[in-house]
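Structural overview
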Amino acid sequence: IAFLVFGGYMYFDSDMVLRDVRAVVPVEEGGLCFGAPQQWSPEWSISAGVDRWCPVTLPSLRAIGVRYFSWLLPDETVEGSKLCRNGGFAYIFHEPTEIGVLQARLDVFFALVDKEVNHGKGCPQCSRLLEWSDYNEGAYAGGWRCEFSDNCGSSWSMEAPTRWFCPHC
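Definitions and limits used
Residues numbered from 1 in each chain as written. Predicted model: local features only at pLDDT ≥ 70, side-chain atom pairs only at ≥ 80, totals over all residues. Heavy atoms only, no water. Pairing = 2+ DSSP bridges. Helix = DSSP H or I, 4+ residues; strand = E, 2+ residues; numbered from the N terminus. Buried < 20%, exposed > 50% of the residue type's maximum accessible area, 1.4 Å probe, protein only. Contact = heavy atoms within 4.5 Å. Phe/Tyr/Trp six-rings, centres within 6.5 Å; stacked < 30°, edge-to-face > 60°. Core = buried A, V, L, I, M, F, W, Y, C linked by side-chain atoms within 4.5 Å. Salt bridge = Lys/Arg side-chain N within 4 Å of Asp/Glu carboxyl O. Polar contact = N/O pair within 3.5 Å; in protein donor to acceptor, adjacent residues only side chain to side chain.

Looking now at the pairing of strand β2 (residues 18-23). The pairing of strand β1 (residues 8-12) with β2 spans five bridges and is antiparallel. In the strand pairing of β2, Tyr9 is matched with Arg22. Hairpin connection between β1 and β2: a loop of five residues separates the two successive antiparallel strands, and Met16 in this loop has a positive phi of roughly 65 degrees.

Set out below in structure tokens:
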């Protein structure tokens, strides 16, 4: 149902055989980070191609009058304007072929912006990123014992076949 309500992605192989389907599901902490709203020119709706516009299905957007949306490609240029470095979404409040309507003043787009991502845990000694490993040679042939389990408060056993480790220390 999430796929029908919120949209998603379908993955096909080179023979156009469907291999996977993923739904987009809103989460409170967010997955994509958007910049401030920017004015969408109604002429861009036609220049970008009227076939690309999809009817809005998200109830919260429909409730405020948004009629169509479109994904903006990274570095896409429309009528000489480079819109979004990382891609984004445009939302229009009228038919894509309508230019001189009052609702066109509400048209907007949001560019995806870079956001800092937590890629893992930091080393307690040097603060560099730790790597997850199942390395079991040399000194670790019989397993390993975490010397920092008291710091992180882990309820896991202090001995295990896999662990976080710092390749620098």
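Mapped onto the elements, Phe110 comes out in strand β9 (residues 108-111). Judged by its relative accessible area of 23%, Phe110 is partly exposed. A C-alpha to C-alpha distance of 9.1 Å links Phe110 and Leu72, two positions 38 residues apart in sequence. In this structure, Phe110 is in contact with Phe34, Gly35, Ala36, Pro37, Gly87, Gly88, Phe89 and Tyr91, ignoring residues within four places of it in sequence.

Further remarks concern the packing of aromatic side chains. In the structure shown here, the tally under the stated rule is nine aromatic pairs. Aromatic side chains Trp40 and Trp44 sit 5.2 Å apart centroid to centroid with 85 degrees between the ring planes, which places their arrangement in the edge-to-face category. The pair Trp40 / Trp44 is uniform in exposure class, with both members buried. Ring centres of Tyr91 and Phe110 lie 6.1 Å apart, and the angle between their planes is 70 degrees; this geometry places the pair in the edge-to-face category.

Residues Trp40, Trp44, Trp53, Tyr68, Leu72, Val78, Leu83, Cys84, Ala90, Ile92, Phe109 and Ala111 constitute the largest nonpolar core, which totals 12 residues. Secondary structure elements with two or more residues in this core: β5 (68-72), β8 (88-92) and β9. Setting aside anything within four residues of it in sequence, one finds Val78 in contact with Trp44, Ser47, Ala48 and Leu83. Among the nonpolar cores identified, the runner-up in size contains six residues, and Val56, Val66, Phe89 and Val108 belong to it.

Here we take up the pattern of salt bridges. One pass over the structure, following the stated rule, counts four salt bridges. Its salt-bridge partner being Arg67, residue Glu95 comes within 2.6 Å of it at the nearest N-O pair. Here Glu95 is found in the loop between β8 and β9, whereas its partner Arg67 is found in the loop between α3 (59-63) and β5, with 28 residues between them in sequence. One salt bridge connects Asp75 with Lys82, and the closest N-O pair in it is separated by 3.5 Å.

Let us now look at the pairing of β5. Residues Tyr68, Ser70 and Leu72 of β5 are buried on one face, while the alternating residues Phe69 and Trp71, pointing to the opposite face, are not. Taken together, the two bridges between strand β4 (residues 54-55) and β5 define a ladder with antiparallel strand orientation. Each bridged residue has a counterpart across the sheet, and for Cys54 the counterpart in β5 is Phe69.

Not every positive phi belongs to a glycine, and Met16 is a case in point at roughly 65 degrees. Along the chain, the position of Met16 falls in the loop between β1 and β2. For Asp75, which is not a glycine, the phi torsion comes out positive at approximately 60 degrees. Note that Asp75 resides in the loop between β5 and β6 (77-78).

Turning next to the side chain of Ser41. Here Ser41 is to be found in the loop between β3 (38-39) and α2 (42-47). Judged by its relative accessible area of 19%, Ser41 is buried. A distance of 2.6 Å separates polar atoms of two side chains, one belonging to Ser41 and the other to Glu43.

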